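# Reading the structure
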Amino acid sequence: MNGDDTLRIPNSFLTDYSSTTTELKTVCFIYSLISKNTKIAPSGNYLMMIKQSTIAKACGVTVITIKRTMARLIEKGFILNCERSYKANGELGTYIYEIKKVSLERNYFCLERNSLYALSGKLFLVYAFMCKLMESTTKSFYQSYSDLSKMIGFSRSEIMYCINLLIKNKFLIKYKKLTKANDYTDNTYYIIPYIRGKIY
């Protein structure tokens with residue numbers, strides 16, 4: 001179960017569901033809705049009723065894009081079953097999805113909940129990878145632009161652009177790391193936590 005401000009996201013999402021930026025954000029958003037009140041299917045997986053328009057709004061894309069994304073997630077096994085509910089008058093209602101249950105007790109990274117609404121596209125994907133890289137106690141890590149480029153699959157210039165925007169929007173702090181030889185090595189990054197509507 002996820003907390004109020006910080007979400008647990010399975011590490012596997014970054015490799016299994018990141019063929020597009022919308023795909024990753026969609027699975028993270030769906031998992032952000034999981035709570036103690038979420039229904040469980042006989043198979044042990046989650047049963048969730050979600051409007052595609054709600055997902056589209058959260059991801060900052062069109063409903064058509066979400067329809068395509070959900071179809072890919074069915075192919076990949078994240079969505080195990082999809083049925084349409086019915087309204088009292090017999091009209092078709094909201095989709096009910098059976099969502100694959102992945103343990104949140106281990107092999108997960110922490111993601112600030114507000115990033116789901118404040119970040120989109122490549123910016124969200126880069127931020128998610130950085131949250132995966134950070135050390136849990138210090139919330140920091142160090143990595144070169146080239147290493148981040150290889151890891152995420154974006155060009156070096158795209159990585160630099162996204163990092164600068166994350167810094168500008170106060171999701172990230174960058175420090176230059178000084179060596180004993182008095183020169184600079186890979187940048188050190190610090191993920192800024194978001195708590196009760198304020199950034200610290």
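Scroll up for the structure.
A few points on the structure. (Residues numbered from 1 in each chain as written. Predicted model: local features only at pLDDT ≥ 70, side-chain atom pairs only at ≥ 80, totals over all residues. Heavy atoms only, no water.)

### Considerations on the overall build of the protein chain
Stated precisely, the cut-off is as follows: Under the DSSP-based scheme used, a helix requires at least four consecutive residues in state H or I and a strand at least two consecutive residues in state E, with every element numbered from the N terminus. The buried label applies to any residue whose accessible area, calculated with a 1.4 Å probe on protein chains only, is under 20% of its type's maximum; exposed applies above 50%, and partly exposed to all values in between. Surface accessibility follows the Shrake-Rupley procedure with a 1.4 Å probe radius. Residue values consider only the protein chains on display as shielding.
A tally of helices and strands in the protein chain yields eight helices and eleven strands. Out of the 200 residues belonging to the protein chain, those deemed buried represent 40%. Of the roughly 11300 Å² of accessible surface on the protein chain, 51% is carried by carbon and sulfur atoms.

### Examining the environment of Arg156
Going by this rule: A contact between two residues is defined here by any heavy atoms of the two lying within 4.5 Å.
By the secondary structure assignment, Arg156 is in helix α8 (residues 156-168). Taking the relative accessible area as the measure of exposure, Arg156 reaches 43% and is therefore partly exposed. Taking the C-alpha atoms as reference, Arg156 lies 6.0 Å from Tyr145; in sequence the two are eleven residues apart. In contact with Arg156, not counting residues within four places along its chain, are Tyr145, Ser146 and Ser149.

### A look at the sheet that holds strand β3 (residues 46-49)
For clarity, the cut-off: A strand pair is defined by DSSP finding two or more bridges across the two strands.
The antiparallel open sheet is built from four strands, whose spatial order is β2-β3-β5-β4. Two strands in the sheet have a free side with no partner beyond their single neighbour: β2 (39-40) and β4 (79-86). Inspection of the sheet shows β3 paired to strand β5 (residues 92-99) by four bridges, in the antiparallel sense. Within β5, the residue paired with Met49 across the bridge is Ile96.

### Regarding the packing of helix α6 (residues 121-133) against helix α7 (residues 145-152)
Where we set the bar: For helices, the axis comes from a line fit to the C-alpha atoms of the stretch in contact; other axes are also lines fit to C-alpha atoms, and the angle between any two N-to-C directions lies between 0 and 180 degrees. An angle below 35 degrees is read as roughly parallel, one above 145 as roughly antiparallel, one from 65 to 115 as roughly perpendicular, and any other as oblique. Residues are grouped as follows: Ala, Val, Leu, Ile, Met, Phe, Trp, Tyr, Cys and Pro are nonpolar; Asp, Glu, Lys and Arg are charged; every other residue, Gly included, is polar.
With their axes 11 Å apart at the nearest point, α6 and α7 run at an angle of 110° to one another. When the axis of α6 is compared with that of α7, the two are roughly perpendicular. Facing Leu125, Val126, Phe129, Met130 and Leu133 of α6, the residues of α7 in contact are Leu148, Met151 and Ile152. Residues that form the contact of α6 with α7 fall into these classes: eight nonpolar, no polar and no charged.

### A short note on the nonpolar core
Put simply, the rule reads: Residues grouped as a nonpolar core are buried Ala, Val, Leu, Ile, Met, Phe, Trp, Tyr and Cys residues, joined through side-chain atoms within 4.5 Å.
By size, the foremost hydrophobic cluster in this structure holds 55 residues, and its most contacted members are Phe78 and Leu111. Here the element with the most residues in this core is α6; it accounts for nine residues. Other than its neighbours up to four places away in sequence, Phe78 contacts Phe13, Tyr17, Val27, Ile30, Tyr31, Leu73, Glu98, Ile99 and Lys100.

### Quick notes on the packing of aromatic side chains
Going by this rule: Centres within 6.5 Å make a pair out of two Phe, Tyr or Trp rings, where for Trp the six-membered ring is used; the pair is then stacked when the planes are under 30 degrees apart, edge-to-face when over 60, and tilted otherwise. Only when the NZ atom of a Lys or the CZ atom of an Arg is both within 6 Å of the ring centre and within 35 degrees of the ring normal do we say a charge sits over the ring.
By the definition in use, this model includes ten aromatic pairs. Judged by centre distance (5.2 Å) and plane angle (65°), the ring pair of Tyr17 and Phe78 falls under edge-to-face. Pair noted here: Tyr17 is in the loop between α1 (13-16) and α2 (21-32) and Phe78 is in the loop between α4 (63-75) and β4, with a separation of 61 residues, a long-range link. By relative accessible area, which is 3% here, Tyr17 ends up buried. Through pairs of rings, three or more aromatic residues link up here, namely Phe13, Tyr17, Tyr31, Tyr46 and Phe78. Positioned above the aromatic ring of Phe154, the side-chain terminus of Lys122 is 5.3 Å from the ring centre.

### A word on the packing of α6 against α8
Look at α6 against α8: their axes get within 10 Å of each other, and the N-to-C directions meet at 85°. Judged by the angle between their axes, α6 and α8 are roughly perpendicular. Residues Lys122, Leu123, Val126, Tyr127 and Met130 of α6 form the contact with α8, whose participating residues are Glu158, Ile159, Cys162, Ile163, Leu165 and Leu166.

### So, a positive patch on the surface
Note the following rule: Two distance rules govern patches: like charges are joined within 9 Å, and nonpolar side chains (Val, Leu, Ile, Met, Phe, Trp, Tyr) within 5 Å, applied only to residues with over 30% relative accessible area and no salt bridge. Here, a salt bridge means any side-chain nitrogen of Lys or Arg that lies within 4 Å of a carboxyl oxygen of Asp or Glu. Counted charges follow a simple rule, with Lys and Arg positive, Asp and Glu negative, and His plus the chain ends left uncounted. Charged side chains are reduced to one point each, which is NZ for Lys, CZ for Arg, CG for Asp and CD for Glu.
On the surface, a cluster of positive charge is contributed by Lys51, Lys67, Arg84 and Lys87. With respect to the helices, strands and loops of the structure, Lys51 is situated in the loop between β3 and α3 (52-59). Its relative accessible area of 48% is what places Lys51 among the partly exposed residues.

### Quick word on the pattern of salt bridges
This model, assessed by the stated rule, comprises three salt bridges. Glu23 is the partner of Arg72 in a salt bridge, and the nearest nitrogen-oxygen pair spans 3.3 Å. Separated by 49 residues along the polypeptide, Arg72 in helix α4 and Glu23 in helix α2 bring together distant segments of the chain. On the basis of relative accessible area, Glu23 is assigned to the buried category, the value being 0%. Overlapping salt bridges bring together Glu23, Arg72 and Lys76 as one network.

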